[in-house]
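A structural walkthrough
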Amino acid sequence: MEPDLGDPERVALITGTSRGLGRVLAGFLAKQGYGLIVTARNGVELNAAGADLRSRGSPVVSVGGDVSDAAHRQRLVDAAAKWGRLDLLVNNASELGDTPLPPLAEASRENLRRVFDVNVLGPIALVREALPLLERAHGLVVNITSDAAVGGYPGWGVYGASKAALDLASKTLAAELKDRGIAVVAVDPGDMRTKMHQDAYPGQDISDRPLPEVTLPFWAWLLSQDPMKVTGQRFQAQAAVWEVPT
Amino acid sequence: MKTAELTFDRPPDRVAHEPPEIRGRSRDDVRLLVTVGGEHRHARFEDLPSFLAAGDLLVVNESAAIPASMAAESLHGSILLNLSTRFRSHLWIAEPRWAFDKPGPLPIQPGEGLKVGAAHVRLLSEYPGIPRLWFALSDRPFDSLVAEHGRPIHYGYTAEWPMDTYETMFSRVPGSAEMPSAARPITSRIREALEGTGVRIAPILLHTGVSSLEIESPTVEGQAMYPEPFSVTPETALAVNRTHAAGGRVVAVGTTVVRALESAWTPEGVRPVAGFTRMFVNPDRGVHAVDGLLTGFHDPVTSHLALLAAFLGIDGVRDAYAEAVRAGYLWHEFGDSHLVLARANPT
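Residues numbered from 1 in each chain as written. Chains lettered and ligands numbered in written order. Predicted model: local features only at pLDDT ≥ 70, side-chain atom pairs only at ≥ 80, totals over all residues.

Once that is clear, we can look at the overall build of chain A. Across its full length, chain A carries 9 helices and 8 strands. Relative to the 2.2 N^0.38 estimate, which gives 18 Å for 246 residues, the radius of gyration of chain A is 17 Å and therefore close to what a compact globule would have. Projected onto its principal axes, the C-alpha positions of chain A cover 55 × 40 × 40 Å. (Helix = DSSP H or I, 4+ residues; strand = E, 2+ residues; numbered from the N terminus. Rg over C-alpha atoms; globule rule 2.2 N^0.38 Å.)

Right, here's the structure in full:
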């Protein structure tokens, strides 16, 4: 039997956990004894990730599916309800849309709808559906955003517009949920060597980008803060300074 | 800047092995090299006030060192666990070492356990880019482990001294893994002389981690940094900005103060801020918030030396250090002091 480590009664739900940033963050939390609910669209990769996380000693519930699907979201919330609380919800699953990334004026309506469904409507719906569990735990919602939300980079209009919408949703939810003891932040993890980043730059060498482990110091910091002191903030995980408003 | 350039020549015997007060001397009984505009002057530390003027502001670090070094039992035998940065009571960045005079890295696997007293400590994963540092999670608060088992961190070139050796007259808030040492020679009489000259003193807080990082990446700017908790109060931000507006000099007492003030700097001036910083002050970034630095003498290929080079350029550092070597100055936390000013006193 492992010794009891840290905060065993904390529960986290992370979407997009089969690879990249979501998987690295889940691994870090598993080693800290979090109960984890992990999810992704690719069931094969998700099962491998779930087995790996379990081997680190944490209870893991793995639920394959798409966050834009209401029935799938219900299964995720039901899994958290079995633990009776949700301390951390990380809306990390993101949809890049059509690749190569089309100019915004040439993006199809279907592409825009799909990207907004996964990147904006899914996260807002998950927050709504998990509210009682988040409230009970005085939980923290982390919405993963991108510098594309503010950049105006050619080709990044569809994805960037969805992340800009998510940024505003984060800020608004933070203001609206503060009185219920729920905190909401947006986190831009910065460029990383992930499959999504490679998909955005097909055929290009992205080996100069850091692996998602580069964000671990930030997560160690953020998840050690009093959530109510940071709610409403937008952080850059790879920045030199992480500030708590005074 | 290439890391290989961050070097200078120094004979191996130029290290202060003990604090002056151990031999009954005053803490301020050390030498002071003053570097202004490419010129060097040799002085005693007690002469510090004469190099400053009314309207200058000294900024000091109020962080106090804690006994951050603890004996631990590992799969590899008895080792030392030196705490570096506190995220929360149970989670720190820490450096496992073979011994005080024998650094790691140790052949540790992620998730491996240690025992510190009755506590189980788990080394979760390596700090990205700094393989000798680990995220360490304890089943008991590290704060109480430190109180029970902690000793001051020290290295092979010096013995372990009583805890008050590692305090300065400004130490107020415990939290640094190692002493912010630049203010060590400032005694009451030096402080009174400074204030008599019209030099003001303002505090920041930065809890410094384990020793100045050896830069391992091929370029200085590519080196990963670990974060340190810091804060700059509204009063200190105002004092810095008013000093600049009035044409005075802001002099950082120690590299920790430079890191804190540069982290709080914007083109509009220094602002109040609290959080964590891993800002790397190096020649590429330069310095904006301060006009001078009172510090010790630093080792080759370290982040502290890169910070000094941000003031002087690497050629300026080599020139100053050649002078310090020629004149027999002593390195490290109990050694001599170095005052670097962007401009001399008004004459």
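Across chain A, the average pLDDT comes to 94, with 97% of residues at or above 70. Every residue in residues 1-8 of chain A is under pLDDT 50, and counting partners more than four places away or in other chains gives 18 contacts. (pLDDT = per-residue confidence, 0-100. Contact = placed C-beta atoms within 7 Å.)

In a regular helix each residue adds 1.5 Å, so 21 residues correspond to 30 Å; helix α6 (residues 157-177) of chain A covers 29 Å between its end C-alpha atoms and thus fits that length. Three or more residues of α6 of chain A are buried, namely G157, V158, Y159, G160, S162, K163, L166, S170, L173, A174 and L177 of chain A. (Expected span 1.5 Å × (residues − 1). Buried ≥ 20, exposed ≤ 12 C-beta atoms within 10 Å, placed from the backbone.)

Attention now moves to the packing of helix α4 (residues 109-137) of chain A against α6 of chain A. For any two helices packed against each other, one specifies the crossing angle of their axes together with the interaxial distance. Residues and elements named next belong to chain A. Running from amino to carboxyl end, α4 crosses α6 at an angle of 20°, the nearest separation of the two axes being 9 Å. Classified by the interaxial angle, the pair formed by α4 and α6 is roughly parallel. Considering only the axes of α4 and α6, their crossing is right-handed. The residues of α6 that touch α4, namely those facing N111, L112, V115, F116, N119, V120, P123, I124 and V127, are V158, Y159, S162, K163, A165, L166, A169 and L173. Partitioned by chemical class, the residues of the contact of α4 with α6 number 13 nonpolar, 3 polar and 1 charged. (Axes fitted to C-alpha atoms, helices over the stretch in contact; angles between N-to-C directions. Parallel < 35°, antiparallel > 145°, perpendicular 65-115°, else oblique. Left-handed = near helix turned anticlockwise from the far one by under 90°. Nonpolar A, V, L, I, M, F, W, Y, C, P; charged D, E, K, R; others polar.)

Taken together, the contacts link 25 residues of chain B with 21 residues of chain A. When residues of the side of chain B that touches chain A are traced back to their parent elements, those giving at least two are β6 (77-88), β9 (119-127), β10 (130-138) and β17 (273-277) of chain B. Two strands pair when backbone bridges link them, and strand β8 (residues 241-243) of chain A and β17 of chain B are joined in this way by 3 bridges, in the antiparallel orientation. Bridging from a neighbouring strand, W242 of chain A pairs with F276 of chain B of β17 of chain B. (Pairing = 2+ DSSP bridges.)

With that out of the way, let us pick up the sheet that holds strand β4 (residues 88-91) of chain A. Residues and elements named next belong to chain A. An order of β3-β2-β1-β4-β5-β6-β7 is seen for the 7 strands of this open sheet, with the pairing classed as parallel. Among the strands making up the open sheet, the edge pair consists of β3 (60-62) and β7 (234-236). Taken over all neighbouring pairs, the strand axes of this sheet differ in orientation by 20° on average, direction set aside. One ladder, built from 3 bridges, connects strand β2 (residues 35-39) with β3; its direction is parallel. Pairing of I37 across the sheet is with V61, part of β3. Against the sheet, helix α3 (residues 70-83) makes contact with β1 (11-15), β2 and β3, and its axis sits at roughly 175° relative to β2, the strand it touches most.

A few words on unusual backbone geometry. Cis rather than trans, the peptide bond between T99 of chain A and P100 of chain A has omega equal to -5°. Of note, the amide linkage connecting G104 of chain B to P105 of chain B takes the cis form, showing an omega dihedral of 0°. Inspection of the secondary structure assignment puts P105 of chain B in the loop between β7 (91-97) and β8 (112-116). One non-glycine residue with positive phi stands out, namely V301 of chain B, at about 55°. Of note, V301 of chain B is situated in the loop between β18 (292-295) and α5 (303-326). A tally of 20 C-beta atoms within 10 Å means that V301 of chain B is categorised as buried.

When the parts come together, some accessible area is lost, and that loss is often what is quoted as the size of the interface. Residue and element names in this part refer to chain B. Domain boundaries assigned for chain B yield domain 1 (3-65 + 162-341) and domain 2 (69-149). Taken over C-alpha atoms, the centre of domain 1 sits 28 Å from the centre of domain 2. Counting residues at the interface gives 9 residues for domain 1, matched by 12 residues for domain 2. Along the lines of polarity and charge, the residues of the side of domain 1 that touches domain 2 split into 6 nonpolar, 2 polar and 1 charged. (Domains from an automatic or database assignment.)

Residue and element names in this part refer to chain A. Relative to the helices and strands, D188 resides in strand β6 (residues 183-188). Note: C-alpha distance between D188 and A237 (49 residues apart in sequence) is 6.1 Å. Excluding residues within four positions of it along the chain, D188 makes contact with T145, S146, D147, R234, Q236 and A237.

Moving on, we come to the sheet that holds strand β3 (residues 57-61) of chain B. Overall, mixed pairing links the 10 strands, which are arranged β8(A)-β17(B)-β13(B)-β12(B)-β3(B)-β14(B)-β18(B)-β19(B)-β1(B)-β2(B) in an open sheet. Pairing within the sheet leaves two strands with one partner each, and these edge strands are β8 of chain A together with β2 (39-44) of chain B. The average angle at which neighbouring strand axes cross in this sheet is 25°, direction not considered. For strand β13 (residues 228-232) of chain B and β17 of chain B, the ladder comprises 5 bridges, and the chain directions are antiparallel. Of the residues in β17 of chain B, the one forming a bridge with S231 of chain B is A274 of chain B.

What follows covers the confidence of the model for chain B. Put simply, chain B has an average pLDDT of 95, and 99% of its residues get 70 or more. Scoring of the predicted complex yields 0.95 for pTM and 0.95 for ipTM.

Residues and elements named next belong to chain B. With 5 bridges joining them, β3 and strand β12 (residues 200-206) adopt parallel strand pairing. Within β12, the residue paired with V60 across the bridge is P203. In terms of strand pairing, β12 meets β13 through 2 bridges, oriented antiparallel. Along β13, the bridge assignment pairs L205 with S231.

Residues and elements named next belong to chain A. Contact geometry of α3 with α4 gives a least axis separation of 10 Å together with a crossing angle of 20°. The angle between α3 and α4 places the two elements in the roughly parallel class. Crossing handedness for the pair α3 and α4: right-handed. Where α3 abuts α4, its residues R73, V77, A80 and A81 lie against A125, L126, E129, A130 and L133.

Turning our attention to the environment of H17 of chain B. All names here are of chain B. Here H17 shows up in the segment before β1 (31-36). Taking the C-alpha atoms as reference, H17 lies 4.8 Å from T158; in sequence the two are 141 residues apart. The contacts of H17, once residues within four sequence positions are left out, are Y157 and T158.

Core analysis: the largest hydrophobic core is formed by 109 residues, its most contacted members being L36, L89 and V141 of chain A together with F135 of chain B. Ranked by residues supplied to this core, first place goes to α4 of chain A with 8 residues. Split by domain, this core shows at least three residues from each of two domains, domain 1 (3-65 + 162-341) and domain 2 (69-149) of chain B. Once residues lying within four places of it in the same chain are set aside, the contact partners of L36 of chain A are A12, I14, A26, L29, A30, L53, S58 and V60 of chain A. Membership of the second largest hydrophobic core comes to 68 residues, among which are A237, A252, V270 and A306 of chain B. (Core = buried A, V, L, I, M, F, W, Y, C linked by C-beta atoms within 7 Å.)

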